[in-house]
Amino acid sequence: MPILDALKIWLEKNISKVLKGGHTYKAMYYMLNQWPYLVGYCEDGKLNISNALAENAIRPFAIGRKAWLFADTPQGAKASAACYSLIETAKANDIDPYTYILHVLEHISEADTPEKLDGLLPWNTALEKIKKTNQFTKGNTSI
């Protein structure tokens with residue numbers, strides 16, 4: 001925090017010394033304007049300084065979106081987003097997505113309360129955490 005505090009003081013002192021319409025001014029102004037978000041990771045140890053993990057998680061969907069161009073319906077877009085969300089959340093929790101989706105499909109009909117649905121979330125499942133592999137089959141079932 002002392003280094004970031006010194007940076008903020010420097011920015012506030014020097015922003016008036018640069019050309020107002022220039023790129024440097026815009027960068028300095030943006031940094032000062034976004035300051036609470038910049039230092040947020042210092043106040044909560046669970047936060048990461050970088051959003052690279054989130055960007056890497058959504059990259060496959062963003063690339064696919066370019067290939068698909070449009071969802072046929074709003075419901076289709078919501079279904080696609082829900083599927084990708086479940087898959088990427090399973091990956092983020094070190095659970096094999098195939099195993100997780102199979103588990104959810106096998107138990108979703110029993111989830112008749114919000115608590116039971118919550119129990120199906122990746123961080124609440126009793127699944128053995130299986131590291132991601134290049135294996136595409138489980139047992140006699142293939143995808």
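Residues numbered from 1 in each chain as written. Predicted model: local features only at pLDDT ≥ 70, side-chain atom pairs only at ≥ 80, totals over all residues. Heavy atoms only, no water.

Asks: Quick one: what's the story with the packing of aromatic side chains, residue by residue and with numbers?
Replies: Scanning all chains against the criterion turns up one aromatic pair. Aromatic side chains Tyr25 and Tyr29 sit 6.1 Å apart centroid to centroid with 15° between the ring planes, which places their arrangement in the stacked category. Of the two residues, Tyr25 and Tyr29 both sit in helix H2 (residues 23–33), four residues apart, roughly one turn of that helix. (Phe/Tyr/Trp six-rings, centres within 6.5 Å; stacked < 30°, edge-to-face > 60°. Helix = DSSP H or I, 4+ residues; strand = E, 2+ residues; numbered from the N terminus.)

Asks: An account of the nonpolar core is requested, with residue identities and associated values reported.
Replies: In this structure, Leu4, Leu11, Ile15, Tyr25, Met28, Leu32, Trp35 and Val39 together form the largest nonpolar core, which totals eight residues. Where this core is concerned, the elements lending two or more residues are helix H1 (2–14) and H2. The element contributing the most residues to this core is H2, with three residues. (Core = buried A, V, L, I, M, F, W, Y, C linked by side-chain atoms within 4.5 Å. Buried < 20%, exposed > 50% of the residue type's maximum accessible area, 1.4 Å probe, protein only.)

Asks: Got a sec to walk through H2? Specific residues and values, please.
Replies: Within the span of H2, buried status applies to Tyr25, Met28 and Leu32. For H2, the arc enclosing every buried residue in end-on projection is 70°, short of the 170-degree limit, so these residues lie on one face. Residues of H2 that are exposed and point more than 90 degrees away from the buried face comprise His23 and Tyr30. Contacts made by the buried residues of H2 are with H1 and helix H3 (35–38). (Arc of directions from axis to C-beta. Contact = heavy atoms within 4.5 Å.)

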